Amino acid sequence: MIQFTDEMKIIAAKGEPFVIATTSPDGEPNAVPITFAKIISSDEILLVDNFMKKTIQNLKANSRVSVSVWAKMDTGKSTGYQFKGKAREEKSGELFTSAVEWTKSTAPQLNPRGVIIVKVDSIYTTTAGITAGNKI
């Protein structure tokens, strides 16, 4: 069972942007930066859909995604992780409503269209060094 560590939660809180990667039905990759993203449970990440056209199209064909985030730690060292899992889109409900409130409190000009919830099933380190790319 996947569970985010305290370090992963800190990096997610400090990191901006998150990057979500998907593939089209014919295998064309798509990766986009997402400013409004956060960890919402022990194994789920929420990403707010403000402008995700190709990403949403790709998710309808293949729900597997990769989400990367990195941040500079207090030590000055950049640390990052890649989270892989299955994504689902929500356009109503509690998570969507709270994401709209969160987004508008920072960027009132935005109108979120939905949220992507990623249920993480594997985690890799992206921190530079000998362990980069290792599955955790």
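So, a few notes on the structure that sits alongside this text.

Cut-offs applied
Residues numbered from 1 in each chain as written. Predicted model: local features only at pLDDT ≥ 70, side-chain atom pairs only at ≥ 80, totals over all residues. Heavy atoms only, no water. Helix = DSSP H or I, 4+ residues; strand = E, 2+ residues; numbered from the N terminus. Buried < 20%, exposed > 50% of the residue type's maximum accessible area, 1.4 Å probe, protein only. Arc of directions from axis to C-beta. Contact = heavy atoms within 4.5 Å. Expected span 1.5 Å × (residues − 1).

What about unusual backbone geometry?
Right, so step 1: Note that the residue after Glu-16, namely Pro-17, is joined by a cis bond; omega there is 0°.
Right, so step 2: Along the chain, the position of Pro-17 falls in the loop between helix 1 (6–14) and strand 1 (18–23).

What to know about helix 1
Right, so step 1: Taken as a whole, helix 1 has its buried residues at Met-8, Ile-11 and Ala-12. Buried residues of helix 1 fall within an arc of 100° about the axis and therefore sit on the same side. Opposite the buried face of helix 1, at more than 90 degrees from it, the exposed residues are Asp-6 and Ala-13.
Right, so step 2: Summarising the contacts, the buried residues of helix 1 are in contact with strand 1, strand 3 (37–39), strand 5 (64–72), strand 6 (78–90) and strand 7 (114–125).

Side note on the environment of Thr-35
Right, so step 1: Along the polypeptide, Thr-35 turns up in the loop between strand 2 (29–34) and strand 3.
Right, so step 2: The partly exposed category is assigned to Thr-35, whose relative accessible area is 41%.
Right, so step 3: In the structure, Thr-35 is positioned 14 residues away from Asp-49 in sequence and 9.9 Å away in space, judged by C-alpha atoms.
Right, so step 4: Among residues more than four places away in sequence, those in contact with Thr-35 are Glu-16 and Pro-17.

Remarks on the environment of Phe-96
Right, so step 1: Considering the arrangement of structural elements, one finds Phe-96 in helix 3 (residues 94–106).
Right, so step 2: By relative accessible area, which is 16% here, Phe-96 ends up buried.
Right, so step 3: Placed 19 residues apart in sequence, Phe-96 and Val-115 show a C-alpha to C-alpha distance of 5.9 Å.
Right, so step 4: Residues within four places of Phe-96 in sequence aside, it is in contact with Glu-90, Lys-91, Pro-112, Arg-113, Gly-114 and Val-115.

Points about helix 3
Right, so step 1: Taking 1.5 Å per residue as the helical rise, helix 3 with its 13 residues ought to reach 18 Å, and the 19 Å between its terminal C-alpha atoms agrees with that figure.
Right, so step 2: Listed as buried for helix 3 are Phe-96, Ala-99, Val-100 and Thr-103. Seen from one end, helix 3 has its buried residues packed into an arc of 105°, which puts them on one side. Facing away from the buried side of helix 3 by more than 90 degrees, the exposed set consists of Glu-94, Glu-101 and Ser-105.
Right, so step 3: Where helix 3 is buried, its residues touch strand 4 (44–49), strand 6 and strand 7.

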